[in-house]
Amino acid sequence: MSGEGVFNLARGFFYAGVPAVLATLWEVDDNIGSDIVQRFYKKLMKGVPADEALWESRKEYLQQSDRLKAHPYFWSPYAFIGQSKVIEIKNPARWYRLMLLATGIIALAGLLLGMMRYNRKRINRAV
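Residues numbered from 1 in each chain as written. Predicted model: local features only at pLDDT ≥ 70, side-chain atom pairs only at ≥ 80, totals over all residues. Heavy atoms only, no water.

What to know about the pattern of salt bridges
Turning to step 1, where the next piece is worked out: With the rule as written, the count across this model stands at four salt bridges.
Turning to step 2, where the next piece is worked out: Measuring nitrogen to oxygen at the nearest pair gives 2.9 Å for the salt bridge that ties D35 to R39. Here D35 and its partner R39 are both found in helix α2 (residues 30-45), four residues apart, which amounts to about one turn of the helix.
Turning to step 3, where the next piece is worked out: D35 gets classed as partly exposed once you look at its relative accessible area, which sits at 25%.
Turning to step 4, where the next piece is worked out: Using a relative accessible area of 14% as the deciding quantity, one classes R39 as buried.
Turning to step 5, where the next piece is worked out: Its salt-bridge partner being K43, residue E56 comes within 3.8 Å of it at the nearest N-O pair. (Salt bridge = Lys/Arg side-chain N within 4 Å of Asp/Glu carboxyl O. Helix = DSSP H or I, 4+ residues; strand = E, 2+ residues; numbered from the N terminus. Buried < 20%, exposed > 50% of the residue type's maximum accessible area, 1.4 Å probe, protein only.)

And the structure:
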């Protein structure tokens, strides 16, 4: 299943029971990404379906951005994958902690896989 990129990553979350994933297709500017994602979660907490929340967040960002930052490179890398229904967020603080934990686990897994790959290449070169 190589070559699927973000969809391959989302598949792991789906297997774990997560109904939807918001991912980026490339690296995003921290300030712009934070702005769009904060708008997205505020809309989710108001009961807006997730796909509409992302669309509205992008639209609001475009209305308030300058001409340079309105380029699609800055606002278009977000991909919503999964069920586009209303996602009920009962306890936002708990939600943020879970997101941080998931991010940490993904980063740790990537680090471990990278180390394993590096060691494998080093061993193969020595032989």
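Details of the nonpolar core
Across soluble globular proteins, nonpolar side chains have a tendency to be buried as a group.
Turning to step 1, where the next piece is worked out: In terms of nonpolar packing, the biggest core is built from 13 residues, with I32, I36, F40, L44, A53 and Y61 touching the most fellow members.
Turning to step 2, where the next piece is worked out: Listing elements by their share of this core, those giving two or more residues are α2, α3 (50-64) and α4 (72-75).
Turning to step 3, where the next piece is worked out: Element by element, the count of residues in this core is highest for α2, at five residues.
Turning to step 4, where the next piece is worked out: Not counting chain neighbours up to four residues away, the residues in contact with A53 comprise F40, K43, L44 and V48.
Turning to step 5, where the next piece is worked out: V21, A23, A79 and I81 belong to the second largest nonpolar core, which has five residues in total. (Core = buried A, V, L, I, M, F, W, Y, C linked by side-chain atoms within 4.5 Å. Contact = heavy atoms within 4.5 Å.)

Here's the deal with the side chain of R58
Turning to step 1, where the next piece is worked out: Take R58: it is sitting in helix α3.
Turning to step 2, where the next piece is worked out: Of the side chains with opposite charge, D51 comes closest to the buried, unpaired R58, at an N-O distance of 11 Å.
Turning to step 3, where the next piece is worked out: From its side chain, R58 meets the backbone oxygen of Y78 in a polar contact 2.4 Å long.
Turning to step 4, where the next piece is worked out: Ignoring any residue separated from it by four or fewer positions in sequence, one finds R58 in contact with W75, S76 and Y78. (Lys, Arg positive; Asp, Glu negative; His and termini not counted. Polar contact = N/O pair within 3.5 Å; in protein donor to acceptor, adjacent residues only side chain to side chain.)

Comments concerning α2
Turning to step 1, where the next piece is worked out: Its 16 residues give α2 an end-to-end C-alpha distance of 22 Å, which sits within 8% of 22 Å, the value for a rise of 1.5 Å per residue.
Turning to step 2, where the next piece is worked out: Every buried residue belonging to α2 is among I32, G33, I36, R39, F40, Y41, K43 and L44, and all of these are buried.
Turning to step 3, where the next piece is worked out: Among the residues of α2, the N-terminal cap falls to D29, whose side-chain oxygen and the backbone nitrogen of N31 are separated by 3.0 Å.
Turning to step 4, where the next piece is worked out: Positive backbone phi, at 95 degrees, marks G47, one or two positions downstream of α2. (Expected span 1.5 Å × (residues − 1).)

Re a nonpolar patch on the surface
Turning to step 1, where the next piece is worked out: Taken together, L108, L111, L112 and M115 make up a surface patch of nonpolar side chains, about 390 Å² in accessible area.
Turning to step 2, where the next piece is worked out: Along the chain, the position of L108 falls in helix α5 (residues 92-126).
Turning to step 3, where the next piece is worked out: Among the residues examined, L108 registers a relative accessible area of 48% and is labelled partly exposed. (Patch = residues over 30% accessible without salt bridge, like charges linked within 9 Å, V, L, I, M, F, W, Y side chains within 5 Å. Areas by Shrake-Rupley, 256 points an atom, 1.4 Å probe, with all protein chains shown as cover.)

Here's the deal with a positive patch on the surface
Turning to step 1, where the next piece is worked out: On the surface, a cluster of positive charge is contributed by R117, R120, K121 and R125.
Turning to step 2, where the next piece is worked out: One can find R125 in helix α5.
Turning to step 3, where the next piece is worked out: Take R125: its relative accessible area is 66%, and that puts it in the exposed class. (Charge placed at Lys NZ, Arg CZ, Asp CG, Glu CD.)

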